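Examining the three-dimensional arrangement
Each chain, written out:
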Amino acid sequence: MQRREFLKATAALSFATILPDTARSEVVFAPQPGAWRSVDLVTKIEIDRPTGKMQAWIPLPSVNESAWMRPGESTWSSNAASVTRVRDAKYGAEMLHAIWKDDEFIPSIEVTSRVAMRDRAIDLSKPGNAASLSDAERKLNLEGTELIPIDGIVKQTSDKIVTTANAKTDLEKARAIYEWVVENTVRVASTRGCGVGDVAAMLKSGNLGGKCADLNALYVGLARAAGVPARDVYGVRVIPSQFGYKSLGAGSANVTKAQHCRAEVFLEGFGWVPVDPADVRKVMLEEPPTNLALTDPKVVAARKTLFGAWEGNWVAYNTAHDLTLPGSKHTKLSFLMYPQAERASLLLDCLDPDNFRYTLMVKEVKAS
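Residues numbered from 1 in each chain as written. Predicted model: local features only at pLDDT ≥ 70, side-chain atom pairs only at ≥ 80, totals over all residues. Heavy atoms only, no water.

Here's the deal with the overall build of the chain
Condition: By the criteria applied, helices consist of DSSP H or I runs no shorter than four residues and strands consist of E runs no shorter than two, each listed in order from the N terminus. Note on method: radius of gyration uses C-alpha positions; expected globular size equals 2.2 Å times residues raised to 0.38. What makes two residues a contact is simply this: any of their non-hydrogen atoms within 4.5 Å. Areas reported as accessible are Shrake-Rupley estimates using a 1.4 Å probe. Residue values count occlusion only from the protein chains shown. Counted as positive: Lys and Arg. Counted as negative: Asp and Glu. His and the chain ends are not counted at all. Note that the charge is assigned to NZ on lysines, CZ on arginines, CG on aspartates and CD on glutamates.
Within the chain, the regular secondary structure consists of 11 helices and 17 strands. For 368 residues, the compact-globule formula gives about 21 Å, and the C-alpha radius of gyration of the chain, at 21 Å, lands near that figure. Viewed in the frame of its principal axes, the chain has a C-alpha envelope of about 60 × 50 × 40 Å. A separation threshold of at least 6 residues defines the contact pool for the chain, and within that pool the share at least 24 residues apart is 75%. By element, 50% of the accessible surface of the chain is carried by carbon and sulfur atoms, the whole surface being about 16,100 Å². Side chains of the chain carry 45 positive and 43 negative charges; the gap between the two charge centres is 2 Å.

The structure is reproduced here in structure tokens:
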């Protein structure tokens, strides 16, 4: 990225703060902690064209945060020879590992997970008394991963953003990086699934396009490179937005293709703070009438809100990177947000649910 282009891009870091109040108030997008909502998330797999040894791994909701996400019981039925609940030691990500007998005629499993969730909003005008991270947690959420390094071009870009914005505190750095990602990235509709999240490759190519696993991973990498703990949170949209954003909620009870990666940044005194620059870009691309400008009131409202708040219409699976599937001979996954399966040692394409043969269905559970 040329210096002139960089300075031009970062000149709008305070964009949201200089818009007139009338422009910002035209659209109401104001998630606040309130009533809890519960859903049953049902994942059903029937491996297509079964042959040889077959096994599957189904992510389970394993982010347990008392203020906004409370996973309940997960139950399952299957004709597998064995079904084991597995927990990743590093990140705490949970999954079911199902193994069928060789050449099982119709290998299948159905998993139902009850989850309660609610909106989040952090008052960033004054720090509270949130607990600090432990040394181990801080180290984990500052380290680089295979696709999210924190040195080289990632560190160089992060330093330029912070310096240009004259950001001194972690809050100032986190916000400057958020505004930069919103300004400089683009959501690309043709990207498969949620993207790959290869942050260094994005910056080296200058092509800052993709979907949530790309754009929010970029935010996480830049924040970590600036010394601010951050993490991706992988999950799935399950309920329509209560604020009228068609692009920011589930469109039906079938959420097979509604996966979404969000992000968090840790700020001393505030705790984990929700951020989602990728969804700002999703609003720009998809919110009717589509292809909105940064100055559109819907975008302005989303941009203002999604640094510090998000809507509780989404189930979080885990925060894991570089995850190894137990019992698999394949290389580790960048993240676990989709069901995975093998047929005769061939890892099936998790982004092709029709040929893989899996569905995710959701039903909201009304309070009794």
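The structure having been displayed, the exposition proceeds.
Some words on empty space enclosed by the protein
For clarity, the cut-off: Cavity and pocket criteria rest on a 1 Å grid covering protein atoms alone: a 1.4 Å probe that fits but cannot get out defines a cavity, protein on both sides within 12 Å along at least 5 of 7 lines defines an open pocket, and an atom within 4 Å of a point defines a lining residue. Grid points are joined across faces, edges and corners, and a volume is the space filled by probe spheres set on the points. Residue type decides the class: Asp, Glu, Lys and Arg count as charged, Ala, Val, Leu, Ile, Met, Phe, Trp, Tyr, Cys and Pro as nonpolar, and the leftover types, Gly among them, as polar.
Counted according to the given criterion, the structure contains 2 cavities of 30 Å³ or more. Volume-wise, the largest cavity comes out at about 60 Å³. If you trace the largest cavity, you find it lined by Thr145, Leu147, Ile148, Val196, Gly197, Ala213, Ala217, Tyr234, His321, Asp322, Ser334 and Phe335. Of the residues belonging to the lining of the largest cavity, the class tally is 7 nonpolar, 4 polar and 1 charged. A volume near 40 Å³ is recorded for the second largest cavity. Lining the second largest cavity are Phe29, Leu248, Arg262, Asp279, Leu306, Trp310 and Glu311. Residue classes in the lining of the second largest cavity are distributed as 4 nonpolar, no polar and 3 charged.

Here we look at the side chain of Arg262
Heads up, the rule is: Categorising residues by exposure relies on relative accessible area from a 1.4 Å probe, with only protein chains included: less than 20% of the type maximum marks a residue as buried, more than 50% marks it as exposed, and the intermediate range marks it as partly exposed. Polar contact criterion, stated in full: a pair of N or O atoms within 3.5 Å, where within protein one must be able to donate a hydrogen and the other to accept it, and residues adjacent in sequence count only if both atoms are side-chain atoms.
Checked against the element boundaries, Arg262 lands in strand E11 (residues 259-267). You can call Arg262 buried: its relative accessible area is 3%. Separated by 3.1 Å, the side chain of Arg262 and the backbone oxygen of Glu311 make a polar contact. Excluding residues within four positions of it along the chain, Arg262 makes contact with Asn216, Arg231, Asp232, Val233, Val275, Asp276, Trp310, Glu311, Asn313 and Trp314.

Observations regarding the sheet that holds strand E12 (residues 271-275)
What counts, and what does not: When DSSP finds two or more bridges between a pair of strands, those strands are recorded as paired. Axis angles are defined between N-to-C directions and span 0 to 180 degrees, where every axis is a line fitted to C-alpha atoms and, for a helix, only to the segment in contact.
With antiparallel pairing, 4 strands are arranged side by side in an open sheet as E12-E11-E10-E14. The strands lining the two open edges of the sheet, one partner per strand, are E12 and strand E14 (314-318). Averaged over all neighbouring strand pairs, the angle between strand axes comes to 40°, with direction disregarded. Sheet topology places E11 next to E12; 5 bridges connect them, and they run antiparallel.

Considerations on the packing of helix H9 (residues 277-286) against helix H10 (residues 297-305)
Our working rule: To sort the angles, those under 35 degrees are grouped as roughly parallel, those over 145 as roughly antiparallel, those from 65 to 115 as roughly perpendicular, and the leftovers as oblique.
Where H9 contacts H10, the axes come no closer than 9 Å and their chain directions differ by 170°. Taken together, the axis directions place H9 and H10 in an arrangement best described as roughly antiparallel. Here Val280, Val283 and Met284 of H9 come into contact with H10, specifically with Lys298, Val299, Ala302 and Arg303. Of the residues contributing to the contact of H9 with H10, the split by class is 5 nonpolar, no polar and 2 charged.

Regarding the nonpolar core
Condition: To form a nonpolar core, buried Ala, Val, Leu, Ile, Met, Phe, Trp, Tyr and Cys residues must be joined to one another through side-chain atoms within 4.5 Å.
Ranked by size, the top nonpolar core spans 95 residues in total, and within it Leu41, Tyr219, Val236, Val238 and Val265 carry the most contacts. Ranked by residues supplied to this core, first place goes to helix H8 (residues 212-225) with 10 residues. Among all residues touching Val238, those that are not within four sequence positions of it are Val39, Leu41, Met117, Ala250, Val255, Asn313, Trp314, Val315 and Val362. Ala93, Met95, Ala320 and Leu323 belong to the second largest nonpolar core, which has 10 residues in total.

A few points about the layout of surface pockets
Quantified by volume, the second largest pocket comes out at close to 360 Å³. Lining the second largest pocket are 18 residues, with Glu65, Tyr91, Glu137, Arg231 and Thr319 sitting closest to its centre. No other element matches the 3 residues that helix H4 (residues 135-140) contributes to the lining of the second largest pocket. Among the residues forming the lining of the second largest pocket, the class breakdown is 7 nonpolar, 6 polar and 5 charged.

Topic: the pattern of salt bridges
Stated precisely, the cut-off is as follows: Note on definitions: salt bridges are taken to be side-chain nitrogens of Lys or Arg within 4 Å of carboxyl oxygens of Asp or Glu.
By the definition in use, this model includes 23 salt bridges. Residues Asp40 and Arg114 are paired through a salt bridge, measuring 2.4 Å at the closest nitrogen-oxygen approach. Separated by 74 residues along the polypeptide, Asp40 in strand E1 (residues 37-46) and Arg114 in strand E6 (residues 108-117) bring together distant segments of the chain. Arg114 gets classed as partly exposed once you look at its relative accessible area, which sits at 38%.

Some points on unusual backbone geometry
Here the amide bond leading from Pro288 into Pro289 is cis, since omega sits at 10°, within 30 degrees of zero. If you trace the backbone, Pro289 turns up in the loop between H9 and H10. Even without a glycine there, the phi angle at Asp103 is positive, about 60°. Within the element layout of this structure, Asp103 appears in the loop between strand E5 (94-100) and E6. One non-glycine residue, Asn291, lies in positive phi territory at about 50°. Note on placement: Asn291 falls in the loop between H9 and H10. Taking relative accessible area as the criterion, Asn291 reaches 60% and is therefore assigned exposed.

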